[in-house]
Structure formats: C-alpha cells, structure tokens
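# Summary of structural features
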Amino acid sequence: MKHNSDFKFDLFLGKITEKEVADICNNSKVEVKDETAHSKRTGNVFIEFESRGKPSGIVTSQSDVYCFKITEGSYVFVETSKLKRLFKENYIKKGFVKGGDSNTSKGVLVPIIDLIY
C-alpha cells in the first residue's frame, strides 16, 4: 500500500484493523502457544503433529486461528489454514524434529518470519 500521511485515512485503517483483531479474539476459536522458551534463539515455532504415537496439534486442531507468544509482550496471530500450508511446505523441505515433553512429540519448525509474511 502506498504511504498516506492523511490522519483521517490512517484512523479509518486503524479502525478496520481494530475490528479484525476484535473479531479474531471474540468470534474465532484461537489456539495459543507459548514459544518464548526457544523462538528467540531459533527464529522458529514448533508445529506439533504427533504426540506419543497419536495424531495431535495441527492435524487435530479445531481452531480458526493460532496465536504464538514469541517474546514477552509479542504475539503473532496466523489463520490455521495458512499455518497448515506452512507446516506442509516446511515438512516437505526439512522433515520433522522431536520435541515436547521428553521428546515424545513430532513437529515441524516453521520460521517466525513466514508467519508474518
């Protein structure tokens, strides 16, 4: 979008964005993941798909939106449909890693930057 220094226009866009965020928080099923332990160091989030030999995480999720806490005070919201696409792309490129409690889960590392763009 081209830069616009018109305050009224910026306010209009701000109100639209506020409504979008309110709709996500109020009308959507949101799955929240705290990634603060590793995301700053690795630049990735761990997208679980299996735990203790059973499907879990992204493949069983009923959420509309995922919310990742990246650092204290920083959150990234991403539609589950986009996250599933990123999960698949990264699984094909890089495979899976073990993680979770005692490494009993399998997941795919997705770069945080990909959640944003």
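Since we're looking at a predicted model, the values are computed, not measured. (Residues numbered from 1 in each chain as written. Predicted model: local features only at pLDDT ≥ 70, side-chain atom pairs only at ≥ 80, totals over all residues. Heavy atoms only, no water.)

### Quick look at a nonpolar patch on the surface
On the surface, Val30, Val32, Tyr75 and Phe77 cluster together into a nonpolar patch covering about 370 Å² of accessible area. Since its relative accessible area comes to 31%, Val30 is described here as partly exposed. (Patch = residues over 30% accessible without salt bridge, like charges linked within 9 Å, V, L, I, M, F, W, Y side chains within 5 Å. Areas by Shrake-Rupley, 256 points an atom, 1.4 Å probe, with all protein chains shown as cover. Salt bridge = Lys/Arg side-chain N within 4 Å of Asp/Glu carboxyl O. Buried < 20%, exposed > 50% of the residue type's maximum accessible area, 1.4 Å probe, protein only.)

### Quick look at the nonpolar core
Grouped together as the largest cluster of nonpolar side chains are 16 residues, with contacts concentrated most on Val45, Ile47, Ile58, Phe68, Leu83, Val110 and Leu115. Counting residues per element, the ones that place at least two in this core are strand E2 (44-51), strand E4 (65-71), strand E5 (74-79), helix H3 (80-94), strand E7 (105-111) and helix H4 (112-116). In contact with Leu115, other than residues within four places in its own chain, are Val45, Phe68, Val76, Val78, Lys82, Leu83, Leu86 and Val110. (Core = buried A, V, L, I, M, F, W, Y, C linked by side-chain atoms within 4.5 Å. Helix = DSSP H or I, 4+ residues; strand = E, 2+ residues; numbered from the N terminus. Contact = heavy atoms within 4.5 Å.)

### So, the side chain of Ser56
Mapped onto the elements, Ser56 comes out in the loop between strand E3 (54-55) and E4. You can call Ser56 buried: its relative accessible area is 11%. Those residues in contact with Ser56 that sit more than four places away from it in its chain are Glu48, Phe49, Glu50 and Ser51.

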